[in-house]
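Working through the structure, step by step
Residue-level listing of the chains:
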Amino acid sequence: MTRRTTSDDERKLFEQTFKEGRPIKAVLPKKAVKKKATATGPSGVNGATQERLRRGMLEPDARIDLHGMTQTAAHRTLFAWLAAAHKNGHRRCW
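Rules of the game
Residues numbered from 1 in each chain as written. Predicted model: local features only at pLDDT ≥ 70, side-chain atom pairs only at ≥ 80, totals over all residues. Heavy atoms only, no water. Helix = DSSP H or I, 4+ residues; strand = E, 2+ residues; numbered from the N terminus. Buried < 20%, exposed > 50% of the residue type's maximum accessible area, 1.4 Å probe, protein only. Contact = heavy atoms within 4.5 Å. Phe/Tyr/Trp six-rings, centres within 6.5 Å; stacked < 30°, edge-to-face > 60°. Salt bridge = Lys/Arg side-chain N within 4 Å of Asp/Glu carboxyl O. Expected span 1.5 Å × (residues − 1). pLDDT = per-residue confidence, 0-100.

Take the overall build of the chain next. Scanning the chain from N- to C-terminus turns up 3 helices and 0 strands. Starting at the N terminus and ending at the C terminus, the chain contains elements arranged as α-α-α. The buried share of the chain, reckoned over its 94 residues, is 7%. In the chain, once contacts between residues fewer than 6 apart in sequence are set aside, the share between residues at least 24 apart is 40%.

Here is the structure:
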């Protein structure tokens, strides 16, 4: 396979177009403004508690691990666990 050669007209057109070109200016994304944590949705968690949860400063009252269970078994276990956590007054469960 042979390489195609560039004609003189093509070379002149390229050079002319190249000289007229302008550099592209980069468009930087605007920095997002951080909002202070506030209570969102029906969770009822206020901003301070939400921030402590996010930072890992609060420990859960109870934990559950559903790994390895079938969907049916996990569903039954979860409902029983939630009922027990509610009965025992646990507020932070995961």
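We now examine the packing of aromatic side chains. Following the criterion strictly, the structure yields 1 aromatic pair and no others. Summarising the aromatic geometry, the rings of Phe14 and Phe18 are spaced 5.7 Å apart at their centres and angled 25° between planes, so their arrangement reads as stacked. In this pair, Phe14 and Phe18 both sit in helix α1 (residues 8–20), 4 residues apart, roughly one turn of the helix. The exposure classification of Phe14 matches that of Phe18, with both residues exposed.

Using the criterion set out here, one finds 3 salt bridges in the structure. With a shortest N-O distance of 2.6 Å, Glu10 and Arg4 are connected by a salt bridge. Of the charged contacts in the structure, one is a salt bridge between Glu51 and Arg55, with a shortest N-O distance of 2.7 Å. In this pair, Glu51 and Arg55 both sit in helix α2 (residues 47–55), 4 residues apart, roughly one turn of the helix. Given a relative accessible area of 24%, Glu51 falls into the partly exposed group.

For α1, spanning 13 residues, the distance from its first C-alpha to its last is 19 Å, which sits close to the expected 18 Å at 1.5 Å a residue. Burial of α1 is sparse: only 0 of the 13 residues sit out of reach of the surface.

Moving on: the confidence of the model for the chain. Residue-level pLDDT values for the chain average 81, and 87% of them are 70 or greater. Looking across the chain, the model is least confident in α2, with a mean pLDDT of 81, and most confident in helix α3 (residues 71–87), with 90.

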